[in-house]
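Structural overview
Okay, here's what each chain looks like letter by letter:
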Amino acid sequence: MLVGIKNGIRINAYILSEEDKIKIRETRITCPACKEEVILVDGIKVITHFRHKPNSNCQNSGETQEHIKMKVACYNILKK
Ligand SMILES: [Zn+2]
């Protein structure tokens, strides 16, 4: 998922700066749907996003990279 919640504020992983990514890893981010803690995933081959911890029962867990890419494409179109 692209959005996590930090202290009640929505955080978009896709637009985080490198500095923000470091800060985010030091804080508790939760899923907007199930309120479980999520993990920031970042790398060369993946779009920066939040992921549920293993064995999550949330319906928002397990999004594929294609799903996330589609969300980013929609985000980029709508922000214009
Ligand atoms: Zn969730």
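Residues numbered from 1 in each chain as written. Predicted model: local features only at pLDDT ≥ 70, side-chain atom pairs only at ≥ 80, totals over all residues.

Focus: the overall build of the protein
This is how the line gets drawn: Strands here are runs of E lasting at least two residues and helices are runs of H or I lasting at least four, both read from the DSSP assignment and numbered beginning at the N terminus. The size measure is the radius of gyration over C-alpha atoms, and the globule rule it meets is 2.2 Å times the number of residues to the 0.38 power. Around each residue's C-beta, the other C-beta atoms within 10 Å are counted; 20 or more make the residue buried, 12 or fewer make it exposed, and counts in between make it partly exposed. All C-beta atoms are placed from the backbone. Whether two residues are in contact depends on their C-beta atoms, placed from the backbone: they are in contact if these lie within 7 Å.
Scanning the protein from N- to C-terminus turns up 2 helices and 5 strands. Start at the N end of the protein and walk to the C end: the helices and strands fall as β-β-α-β-β-β-α. Taken against the 2.2 N^0.38 rule, which gives 12 Å for 80 residues, the C-alpha radius of gyration of the protein at 12 Å falls within 12% of a compact globule. Here the protein holds 80 residues, and the buried ones make up 14% of them. Nonlocal contacts in the protein, meaning residues at least 24 apart in sequence, comprise 40% of its contacts between residues at least 6 apart.

Regarding unusual backbone geometry
Its identity is not glycine, yet Asn-7 carries a phi of approximately 50°, on the positive side. Note that Asn-7 resides in the loop between strand 1 (3-6) and strand 2 (9-12). By the C-beta count within 10 Å, which is 9 here, Asn-7 ends up exposed. The backbone of Asn-55 sits at a positive phi, close to 70°, despite the residue not being glycine. By secondary structure assignment, the location of Asn-55 is in the loop between strand 5 (49-52) and helix 2 (65-78).

Re the environment of Glu-18
Summarising the element assignment, Glu-18 is placed in helix 1 (residues 18-25). Classification of Glu-18 as exposed rests on a count of 7 C-beta atoms within 10 Å.

Considerations on the pairing of strand 4 (residues 37-41)
Filter applied, for reference: In this analysis, strands are considered paired if DSSP registers two or more bridges between them.
Both strand 3 (residues 29-30) and strand 4 contribute to a ladder of 2 bridges, which runs antiparallel. When the bridges of strand 4 are listed, Thr-30 appears paired with Glu-37. Counting the residues between successive antiparallel strands, the hairpin from strand 3 to strand 4 contains 6 residues, one of them, Lys-35, with a positive phi of roughly 70°. Summarising the sheet, strand 4 and strand 5 pair through 4 bridges and their orientation is antiparallel. Bridge assignment links Val-41 to a residue of strand 5, and that residue is His-49.

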